[in-house]
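As a plain string of letters, each chain reads:
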Amino acid sequence: MRFEQLRYLEAALRTGSFRQAAHELGVSQPTITNQVQRLEEDLGVVLVMRGAHGVRPTDAAERILPHVKSAIRAEDLLRQEASAIDGLKIGTVSMGTVAIGSMRVLPRLVREMHEGHPNIRFEVTEGGTYVVRDGVLDGTFDLGLITRVPLPGEPPDDERLHYVDLMTGRLVLCVPDSHPLARAETFDLDDLSGEPLIFFREGSILRRAFEELTSGIDARIVYTTDGAETAQRMVRAGVGIAIANTLAPSTTSGNGVTLIPINKPWAQTTLSAIVRTGELRGRIVETLLRRIRSSKST
């Protein structure tokens, strides 16, 4: 069993395709297929179910996948430590982030890292808060940037994660300038009953917040999106009403959009960096955390 075989297996199961895994890892598809087969022979279990629509993990693969990811992380840490002995010349960090993190934190952070360590590679995946959080917990990401909102019923901070709070904002309602609510300083929940609403997809903390805000009323969802900028464009076009985070650069009044504060005790937002608690972290991740802590703003 070799480390590259574990990487091939993880990539194939994550992408659901030998072809996509080969493209991602820069090898041929037969290489991926043959090496996964050899791994199956070495372990004495079937790991991959092959079908017309791609590949899926067997029960055996589901059981060993956490160990596969741990082994991959261990190899990455070994290489990073070896690189750090000679000045952290090379390495890769896998990050998950909400869109706000990509816009507010990563441009400066990546630039500063590359000024001192130009060969460090960032592999960044954007997703909702819950997707990023789960990805950090299961080892898919070394580090994450998430939005935290103290919504009713939300579980307390996960003890398996260490949080570094970076900046805070507020949740607001975004309404078209032509809407009657645009001339109000506040609103009642009944004002949203039957109104066309623009929601975010599952996995977004903004969706959970909007669901909390509209619970108990007739929520008429007319559009669902992944992007805060898209939601603002829809509001500007008069499609409906959306919720937004003031930390997002796109959340501004004017040009057809009016912002109304959401006067709820849970409407404060925090952008936080997260890593796994009590785990040996590579030099790259530790360096990133130091830079993140030193550049915290409110």
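This one's a predicted model, so the numbers in the text were calculated from it and none came from an experiment. (Residues numbered from 1 in each chain as written. Predicted model: local features only at pLDDT ≥ 70, side-chain atom pairs only at ≥ 80, totals over all residues. Heavy atoms only, no water.)

Novice: Residue-level account of unusual backbone geometry, with values.
Specialist: The residue Asn255 is not glycine, and still its phi comes out positive at about 55 degrees. Assignment of secondary structure puts Asn255 in the loop between strand 9 (241-245) and strand 10 (257-261). You can call Asn255 exposed: its relative accessible area is 64%. (Helix = DSSP H or I, 4+ residues; strand = E, 2+ residues; numbered from the N terminus. Buried < 20%, exposed > 50% of the residue type's maximum accessible area, 1.4 Å probe, protein only.)

Novice: Give a detailed account of a nonpolar patch on the surface, specifying residues and quantitative values.
Specialist: A cluster of nonpolar side chains, contributed by Met1, Leu43 and Val45, occupies part of the molecular surface with about 270 Å² of accessible area. The residue Val45 is located in the loop between helix 3 (29-43) and strand 1 (48-51) in this model. (Patch = residues over 30% accessible without salt bridge, like charges linked within 9 Å, V, L, I, M, F, W, Y side chains within 5 Å. Areas by Shrake-Rupley, 256 points an atom, 1.4 Å probe, with all protein chains shown as cover. Salt bridge = Lys/Arg side-chain N within 4 Å of Asp/Glu carboxyl O.)

Novice: Describe the environment of Ile217, with residues and values.
Specialist: Within the element layout of this structure, Ile217 appears in the loop between helix 8 (205-213) and strand 8 (220-225). Note on Ile217: relative accessible area 17%, which makes it buried. In this structure, Ile217 is in contact with Leu189, Asp190, Leu192 and Ser193, ignoring residues within four places of it in sequence. (Contact = heavy atoms within 4.5 Å.)

Novice: Mind laying out the packing of helix 1 (residues 3-15) against helix 2 (residues 18-25), listing which residues take part and the relevant values?
Specialist: Running from amino to carboxyl end, helix 1 crosses helix 2 at an angle of 125 degrees, the nearest separation of the two axes being 8 Å. With respect to their mutual orientation, helix 1 and helix 2 come out oblique. Considering only the axes of helix 1 and helix 2, their crossing is right-handed. Here Arg7, Tyr8, Ala11, Ala12, Arg14 and Thr15 of helix 1 lie close against helix 2, whose contacting residues are Phe18, Gln20, Ala21, Glu24 and Leu25. Of the residues in the contact of helix 1 with helix 2, the class split is six nonpolar, two polar and three charged. (Axes fitted to C-alpha atoms, helices over the stretch in contact; angles between N-to-C directions. Parallel < 35°, antiparallel > 145°, perpendicular 65-115°, else oblique. Left-handed = near helix turned anticlockwise from the far one by under 90°. Nonpolar A, V, L, I, M, F, W, Y, C, P; charged D, E, K, R; others polar.)

Novice: Describe the packing of aromatic side chains, with residues and values.
Specialist: In total, this model carries one aromatic pair according to the counting rule given. Ring geometry for Phe199 and Phe210: centres 4.8 Å apart, planes at 20 degrees, overall stacked. Of this pair, Phe199 sits in strand 7 (residues 196-200) while Phe210 sits in helix 8, placing them eleven residues apart in sequence. (Phe/Tyr/Trp six-rings, centres within 6.5 Å; stacked < 30°, edge-to-face > 60°.)

Novice: Tell me about the pairing of strand 6 (residues 161-176), and please be specific about residues and values.
Specialist: Most of strand 6 is tucked away, with twelve of its 16 residues classed as buried. Taken together, the nine bridges between strand 6 and strand 11 (residues 268-276) define a ladder with antiparallel strand orientation. Within the sheet, the bridge partner assigned to Thr168 lies in strand 11 and is Thr270. Of the strand pairs in this sheet, strand 6 and strand 9 are connected by four bridges, and their pairing is antiparallel. The residue bridging Leu173 from the neighbouring strand is Ile243, located in strand 9. When strand 6 meets strand 10, the two strands line up antiparallel, connected through five bridges. By the bridge assignment for strand 10, Val172 is matched with Pro261. (Pairing = 2+ DSSP bridges.)

Novice: Could you give an account of the confidence of the model for the protein chain, with specific residues and numbers?
Specialist: Residue-level pLDDT values for the protein chain average 87, and 94% of them are 70 or greater. Taking the mean pLDDT of every element in the protein chain, the minimum, 76, falls on helix 4 (residues 59-85) and the maximum, 96, on strand 9. (pLDDT = per-residue confidence, 0-100.)

Novice: How would you summarise the pattern of salt bridges if you had to cite specific residues and measurements?
Specialist: Counted under the stated rule, the structure contains 18 salt bridges. Between Arg50 and Glu40 there is a salt bridge; the shortest N-O distance is 3.6 Å. Of this pair, Arg50 sits in strand 1 while Glu40 is found in helix 3, placing the two residues ten residues apart along the sequence. A residue is classified by how much of its surface remains accessible, and Arg50, at 41% relative accessible area, is partly exposed. Given the relative accessible area of 11%, Glu40 is considered buried. Put simply, Arg111 and Glu112 hold a salt bridge, and the shortest N to O gap is 3.9 Å. Overlapping salt bridges bring together Arg111, Glu112, Glu115 and Arg291 as one network.

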